[in-house]
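Reading the structure
Next come the chains, spelled out residue by residue.
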Amino acid sequence: MTIFCSHCHRPLQAETSCLPRRGKQAPSASKPFRSTKSASKARRDQINAELQALRSLLPISAQEKERLSYLHTMALVCLRLRGAQLFPPDSAPPAGPALGSELLSLLPGFLLVLSANGKLVYISENVAQVLGLSMVELLAQGDTVFDILDGRACEDARKKLLLAQEEPGREVTFVSEMRTSKAFRLQHGGNRAVAVHGRFMALRWPASPSTAAFLALCTPVARLTADGDASSQDDLFQSMHVLDMTFTDVTESVTYHLGYHREDLIGQSWYSLLHPEDTDLAAAQHRAVGESLGAGAAAGTAVLRVLRRDRTWAWLRVWARRDGGGRAITCTSHCLR
C-alpha cells in the first residue's frame, strides 16, 4: 500500500520523508531566519550610501554637510520635501533661497514659512543673527514651530495660527520667546523674544490646507524680563483696577508709554484698550487672577496689544495680582520695544 505525505501529497519511501529532520526546523512567519553580521553590515552600508546621496543634494555649504548627523540630514531632507510640495519646481516661492544674503541683511528679522499644521517649510539664513542658531541647528530642536517656541506660549501660537487658517489673508501677530544658542543665553540672560507677524496664503487652487502656507516675518523685540527686574524699571508702569478691570488709578509713567494722562483712564475699562485678537487671552488672565485666593496671589503673565492715544498699538507684557485684601487687581505692564 502506498503512503502519501500529508503535507505535499507525494508518495513516501521508507527511507525518506519530506518533513524536516529534528533539530533543523524550517523557518516560519513567527520564527524568521536570524540576520547574520554580514547581512546587517550590508544593510548599514546601503543606508549610509543613501544618506550620503541625500546629503550631497542639500543646498548648503560643504562645511555644513560635513557636520550633519543622520538626524540633521533627515530633518533637512523633510524640510526640502515639504517646501517642494508647497512650492513645486514650476512655481517661485514668495520667500525662498533665491533671496540673497545682502537682501536678507536689510530685514529687521528673519523669514519663516509654515505648513497648515505648523511644520517648518522654510527659515531664512539670517535666523542666526537673531537667535544665534543656524537653520541646521534650529532644526535639531524639532520640525514644527512649536518645538522652537517657549512652551508657555505654544497654546497662544496655536490659537493665532488656527485663526489665520480659518480666514486666509488675515494677518495675525503673536510674541513668544524662541530657543537660542547657549552662548546667546549666557550673553543676554535668556532666550530671545520675537514677534511673529504673518498670514496664510493659498498657493494653488482649489485652496485647501495642503496648498496653503503661513508666511511670516519674525522680528526681535526687547527681552521679556522677569517681574521686578531693576534694569527694566524705565519700561514699566502700574495700573490699579476693581475686580471687573475698570481703572481706579495708574502711575504717571503711562503717559510716556501710551500717551494717556492719568485722568483719561480712570473709570475706563481695561478691555476698551485691548486689541480684539488679544481679548480672549486677557480674559483668561483675568479669570485666573479672579479665581486666585488672597491678596498678592498672581495669575502669571500675558503678552497683549494695547491701543495708544495716537491710535497705534503697543506690545505689553502684563503681570496681574490680587491686592487690597482681594478686592482689587494690580497690573504691572512692561512695554516691549
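Residues numbered from 1 in each chain as written. Predicted model: local features only at pLDDT ≥ 70, side-chain atom pairs only at ≥ 80, totals over all residues. Heavy atoms only, no water.

Per an unreviewed UniProt entry, the protein goes by NPAS4 protein and derives from Oceanites oceanicus. Taken from UniProt, the Subcellular location (unreviewed entry) comment for the protein reads in full: "Nucleus". (UniProt positions renumbered as here; feature names shortened; annotations may be inferred.)

Thoughts on the packing of aromatic side chains
Within the structure shown, the criterion is met by two aromatic pairs. Measuring from ring centre to ring centre gives 5.3 Å for phenylalanine 200 and phenylalanine 214, while their planes differ by 55°; the resulting arrangement is tilted. With phenylalanine 200 in strand β4 (residues 192-202) and phenylalanine 214 in strand β5 (residues 212-220), this pair connects stretches of sequence that are 14 residues apart. No difference in accessibility class separates phenylalanine 200 from phenylalanine 214, as the two residues are buried. Pairing phenylalanine 247 with tryptophan 270 gives two aromatic rings, centres 6.1 Å apart and planes at 65°, and the pair type is edge-to-face. Residue phenylalanine 247 is found in strand β7 (residues 247-250), and its partner tryptophan 270 is found in the loop between α10 (262-265) and α11 (279-291); the two are separated by 23 residues along the sequence. Residue classification places tryptophan 270 among the buried positions, given a relative accessible area of 4%. (Phe/Tyr/Trp six-rings, centres within 6.5 Å; stacked < 30°, edge-to-face > 60°. Helix = DSSP H or I, 4+ residues; strand = E, 2+ residues; numbered from the N terminus. Buried < 20%, exposed > 50% of the residue type's maximum accessible area, 1.4 Å probe, protein only.)

Topic: the sheet that holds strand β2 (residues 120-123)
Neighbouring strands of a sheet are bound in pairs by backbone hydrogen bonds; such pairs are parallel or else antiparallel. If you trace the five strands from one edge of the open sheet to the other, you get β2-β1-β5-β4-β3, paired in antiparallel fashion. Two strands lie at the open edges of the sheet, namely β2 and β3 (172-178), each paired on one side alone. In this sheet, neighbouring strand axes are inclined to one another by 25° on average, regardless of whether the strands run parallel or antiparallel. In terms of strand pairing, β4 meets β5 through nine bridges, oriented antiparallel. (Pairing = 2+ DSSP bridges. Axes fitted to C-alpha atoms, helices over the stretch in contact; angles between N-to-C directions.)

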